[in-house]
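Residues per chain, in single letters:
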Amino acid sequence: MSIISAFSTRFRLTFWEKSKQDLLHLLFPSKCIVCSEEWPSNEPICSFCKSELHYTGFEKYSEPTELDKLFWGRVTVEGTFALLYFYKNSSTQKILHSLKYGNKPETGRILGKEIGKHVKDLAFIEDADAIVPVPLHPKKQFVRGYNQSTQLAEGISEITGIPIAHHFVAKLQHTASQTRQGRFSRWENVTGNFRVKKTTSSYKHILIIDDVVTTGATLEAMIRSIQTVYPDLRISIISLAIAK
Ligand SMILES: [Zn+2]
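Peer 1: An account of helix H4 (residues 91-101) is needed here, citing residue identities and associated values.
Peer 2: Listed as buried for H4 are Ser91, Thr92, Ile95, Leu96, Ser98 and Leu99. Viewed end-on, H4 has its buried residues packed into an arc of 160°, placing them on one side of the element. Residues of H4 that are buried make contact with helix H2 (47-52), strand S1 (80-86), helix H5 (105-119), helix H7 (148-160), strand S6 (205-213) and strand S7 (234-243). Asn103 sits one or two positions beyond H4 and adopts a positive phi of about 50°.

Peer 1: Requested: an account of the packing of H5 against H7, with residues and values cited.
Peer 2: Between H5 and H7, the shortest axis-to-axis distance is 6 Å and the interhelical angle comes to 40°. Classified by the angle between their axes, H5 and H7 sit oblique to one another. By crossing handedness, the relation of H5 to H7 is classed as right-handed. Contact residues: Pro105, Glu106, Gly108, Arg109, Leu111, Gly112, Lys113, Ile115, Gly116, Lys117 and Val119 in H5; Gln151, Leu152, Glu154, Gly155, Ile156, Glu158, Ile159 and Thr160 in H7.

Peer 1: Now, about the coordination of the zinc ion: what can you tell me, with residues and values included?
Peer 2: Cys32 (SG), Cys35 (SG), Cys46 (SG) and Cys49 (SG) make up the full set of protein donors to the zinc ion, lying at 2.2 to 2.3 Å. Here the zinc ion is ringed by 4 donor atoms whose angles at the metal span 101 to 115°, and the overall shape comes out tetrahedral. Along the chain, the residues donating to the zinc ion fall in the pattern C-x2-C-x10-C-x2-C. With Cys35 in the loop between helix H1 (3-27) and H2 and Cys46 in the loop between H1 and H2, the pair connects residues that are 11 residues apart, well separated along the chain. With a relative accessible area of 32%, Cys35 lands in the partly exposed category.

Peer 1: Could you give an account of the packing of aromatic side chains, naming the residues involved and the relevant values?
Peer 2: Tallied over the full model, the rule gives 4 aromatic pairs. Judged by centre distance (5.2 Å) and plane angle (75°), the ring pair of Phe58 and Tyr61 falls under edge-to-face. A residue is classified by how much of its surface remains accessible, and Tyr61, at 40% relative accessible area, is partly exposed. Between Phe168 and Tyr203, the ring centres sit 5.6 Å apart and the planes meet at 80°, which makes this aromatic pair edge-to-face. Placement of Phe168 in the loop between H7 and strand S3 (169-171) and of Tyr203 in the loop between strand S5 (194-197) and S6 is noted, with a sequence separation of 35 residues between them. Phe168 gets classed as buried once you look at its relative accessible area, which sits at 3%. Ring pairing ties together the aromatic residues Phe58, Tyr61 and Tyr85, which thus form one cluster. A cation over a ring is seen here: Lys244 above Tyr85, with NZ or CZ 4.7 Å from the ring centre.

Peer 1: A description of the side chain of Thr65 should follow, citing residues and the corresponding values.
Peer 2: With respect to the helices, strands and loops of the structure, Thr65 is situated in the loop between H2 and helix H3 (66-70). For Thr65, a relative accessible area of 4% gives the class buried.

Peer 1: Account for unusual backbone geometry, naming residues and giving values.
Peer 2: Positive phi values are uncommon outside glycine, yet Asn89 reaches one of about 60°. Considering the arrangement of structural elements, one finds Asn89 in the loop between S1 and H4. Although it is not a glycine, His167 sits at a positive phi angle of roughly 65°. Locating His167 in the fold gives a position in the loop between H7 and S3.

Peer 1: Please set out the side chain of Thr56 residue by residue, giving values where relevant.
Peer 2: Looking at the element boundaries, Thr56 is found in the loop between H2 and H3. A distance of 2.6 Å separates a polar side-chain atom of Thr56 from the backbone oxygen of Ala82. What Thr56 contacts, discounting residues up to four positions off in sequence, is Tyr61, Ala82, Leu83, Leu84, Tyr85 and Ile242.

Peer 1: So what about the pairing of S7? Which residues, and what values?
Peer 2: With 8 of 10 residues buried, S7 lies mostly within the body of the structure. Note that S1 and S7 share 6 bridges and pair parallel. Bridging across to S7, Ala82 finds its partner in Ser239.

Peer 1: So what's going on with the nonpolar core? Residues and values would help.
Peer 2: Nonpolar side chains in soluble globular proteins generally cluster together in the buried interior. By size, the foremost hydrophobic cluster in this structure holds 61 residues, and its most contacted members are Phe168, Ile226, Ile238 and Leu240. Non-local contacts of Ile238, meaning those with residues more than four positions away in its chain, are made with Phe81, Ile115, Val119, Phe124, Ile125, Ile156, Leu207, Ile208, Ile209 and Asp210.

Cut-offs used in this document
- Residues numbered from 1 in each chain as written.
- Predicted model: local features only at pLDDT ≥ 70, side-chain atom pairs only at ≥ 80, totals over all residues.
- Heavy atoms only, no water.
- Buried < 20%, exposed > 50% of the residue type's maximum accessible area, 1.4 Å probe, protein only.
- Helix = DSSP H or I, 4+ residues; strand = E, 2+ residues; numbered from the N terminus.
- Arc of directions from axis to C-beta.
- Contact = heavy atoms within 4.5 Å.
- Axes fitted to C-alpha atoms, helices over the stretch in contact; angles between N-to-C directions.
- Parallel < 35°, antiparallel > 145°, perpendicular 65-115°, else oblique.
- Left-handed = near helix turned anticlockwise from the far one by under 90°.
- Donors = N, O, S within 2.8 Å, 3.2 Å for Na, K, Ca; no water.
- Tetrahedral: all angles 85-135°; square planar, octahedral: opposite > 155°, others 65-115°.
- Phe/Tyr/Trp six-rings, centres within 6.5 Å; stacked < 30°, edge-to-face > 60°.
- Lys NZ or Arg CZ within 6 Å of the ring centre and 35° of its normal.
- Polar contact = N/O pair within 3.5 Å; in protein donor to acceptor, adjacent residues only side chain to side chain.
- Pairing = 2+ DSSP bridges.
- Core = buried A, V, L, I, M, F, W, Y, C linked by side-chain atoms within 4.5 Å.

Here it is as structure tokens:
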């Protein structure tokens, strides 16, 4: 194939791809997940709402970030990352609301891919061998139909290639933690509201995925539970947002 015909084939393909996308948008216009306005792009967030987001820029820090410092003196954490700052009445708050209550599980996957692009070259990601979403209380998950942290994890996994360890940690029913203790032979019950699965696989470094970190109390409890069962397992934290 000559250079000219290769170029023209490529041009035709690009033109066809673009026309196909334009047609799809005409038939199924996408809406911004923040403001719900129609938005002629594959991007989930319109350019206006995107300009309103407060990115942390943590991937560029050489000093410890405020998310690193949040866990100092509480639990040992290998690395941390949050994509956005969360302020009240901000676009980030709308995103988190849409993620949890918008009945749009695909939003989480799209945002997870965005996180994945920001973390894929970070040093602490390199030897991570599993992604563990923060579990939801079973009743909440039943009502919502999905766990937003699992959706984020799907997107991160897609970009980084790190597999998700589904059901590695589960959330306990509050009242069931004592009475059902003897009935979960596959689970190691520990203090707190989490139960950690006994597994034959030998994870060395896991990434816990959360949607928003505020006080860090939930993550602290979850990490304590995991480290009681697996004292040598290294743990990092990735969150969509950190509260300001
Ligand atoms: Zn918008």
